[in-house]
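Notes for the structure review
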Amino acid sequence: MRSRSSPRRARGSAAQRLPGPRRGCGLRLREEAVPEAASAWLFLPLSQPNPSTSKTSAGSHCCRRASGSVPSMLRNEVLLCFAFYSTILIVKMFVVAIITGQVRLRKKAFANPEDALRNGGLQFCRLDPDVERCRRAHRNDMENIFPFLFLGAIYSLLDPSLAVARIHFLTFCAGRIAHTAAYLLQLRAPTRSVAYSLAQLPCFSMALQILLATTPYW
């Protein structure tokens, strides 16, 4: 009996000594099979982002991006100075156009028959010296201010001195205002001619500087 049972005991003891799967080995294998990115995601906290914080950060980022792109042009002080005086001249042209319309109504001198019929009859479709004077002043503004807008814009991009550029713009603006006042108020000659010549000086100066700066690229 002892000889028969001893081989079974030996086989049982040998089976007990065989290396088998340890406790927790399957869990370790499954953990090793999980990718690194997935394992890192599994251990992330489950806190949700604050919507107000995300909106604030996005808004500040957009503001920083916008503020970084816009001031590249607005940092040009000469261009801002030119924009100021150009706006004054455009407003002056609007004022002259309004004055022309008011003089037409006051003098009953209309250029179109339908306007004359509405305001008294076809006999008022006529020319008037005061209306024509306002029209000539407005036409003279267009002939001189539009070239100034082109020359001043190109001149501002040449990086001139701010003080010198301001003298150019101020001289032209003052000359054109004086020219319009002399035209509409019928001031004694040569007031209008002097104002016209004064306004042409900065235009010739800017045109000369633009040509000198762009001559190497012709």
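Report follows, based on the coordinates.

Quick notes on the rules
Residues numbered from 1 in each chain as written. Predicted model: local features only at pLDDT ≥ 70, side-chain atom pairs only at ≥ 80, totals over all residues. Heavy atoms only, no water. Helix = DSSP H or I, 4+ residues; strand = E, 2+ residues; numbered from the N terminus. Buried < 20%, exposed > 50% of the residue type's maximum accessible area, 1.4 Å probe, protein only. Contact = heavy atoms within 4.5 Å. Areas by Shrake-Rupley, 256 points an atom, 1.4 Å probe, with all protein chains shown as cover. Core = buried A, V, L, I, M, F, W, Y, C linked by side-chain atoms within 4.5 Å. Expected span 1.5 Å × (residues − 1). Polar contact = N/O pair within 3.5 Å; in protein donor to acceptor, adjacent residues only side chain to side chain. Patch = residues over 30% accessible without salt bridge, like charges linked within 9 Å, V, L, I, M, F, W, Y side chains within 5 Å. Salt bridge = Lys/Arg side-chain N within 4 Å of Asp/Glu carboxyl O. Phe/Tyr/Trp six-rings, centres within 6.5 Å; stacked < 30°, edge-to-face > 60°. Lys NZ or Arg CZ within 6 Å of the ring centre and 35° of its normal.

With that out of the way, let us pick up the overall build of the protein chain. What the protein chain contains, in helices and strands, is 10 helices and zero strands. When the helices and strands of the protein chain are placed in sequence order, the string is α-α-α-α-α-α-α-α-α-α. By residue count, 24% of the 218 residues in the protein chain fall in the buried class. Counting contacts in the protein chain only where the partners sit at least 6 residues apart, residues at least 24 apart contribute 69% of the total. For the protein chain, the accessible area works out to roughly 16000 Å², and carbon and sulfur atoms hold 64% of it.

Before going further, it helps to spend a moment on the nonpolar core. Residues Leu89, Phe148, Tyr155, Phe169, Phe172 and Met206 are the most contacted members of the largest nonpolar core, which totals 19 residues. At the level of secondary structure, the elements contributing two or more residues to this core comprise helix H6 (77–107), helix H8 (129–156), helix H9 (162–184) and helix H10 (191–214).

What follows is about H8. Taking 1.5 Å per residue as the helical rise, H8 with its 28 residues ought to reach 40 Å, and the 40 Å between its terminal C-alpha atoms agrees with that figure. The N-cap residue of H8 is Asp128: its side-chain oxygen and the backbone nitrogen of Asp130 are 3.0 Å apart.

We now examine the environment of Ala174. Residue placement: Ala174 occurs in helix H9. Note: C-alpha distance between Ala174 and Leu198 (24 residues apart in sequence) is 8.7 Å.

On to a nonpolar patch on the surface, then. Taken together, the side chains of Phe84, Ile88 and Ile177 make up a nonpolar region of the molecular surface, amounting to roughly 260 Å² of accessible area. Examined against the element boundaries, Ile88 turns out to sit in helix H6.

Here we take up the pattern of salt bridges. Across all of its chains, the model carries five salt bridges by this definition. The salt bridge involving Asp141 is made with Lys92; its shortest N-O contact spans 2.5 Å. Taken as a pair, Asp141 in helix H8 and Lys92 in helix H6 lie far apart in primary sequence, 49 residues in all. Like Lys92, Asp141 is buried. Ionic pairing is found between Asp130 and Lys107, a salt bridge with its closest N-O pair at 2.2 Å. One end of the pair, Asp130, is in helix H8; the other, Lys107, is in helix H6, and 23 residues separate them in sequence. Among the charged side chains, a salt-bridge network with shared partners connects Lys92, Asp141 and Arg176.

Before going further, it helps to spend a moment on the packing of aromatic side chains. In the structure shown here, the tally under the stated rule is six aromatic pairs. With 6.1 Å between their ring centres and 80 degrees between their planes, Phe148 and Phe169 make a pair best called edge-to-face. With a gap of 21 residues between them, Phe148 in helix H8 and Phe169 in helix H9 connect regions that are remote in the sequence. As far as burial versus exposure is concerned, Phe148 and Phe169 are alike and both buried. Linked through ring pairs, Phe82, Phe148, Tyr155, Phe169 and Phe172 together constitute an aromatic cluster. The ring of Phe124 is capped by Lys108, whose NZ or CZ atom sits 5.4 Å from the centre of that ring. Lying over the aromatic face of Tyr183, Arg192 brings its terminal NZ or CZ to 4.6 Å of the ring centre.

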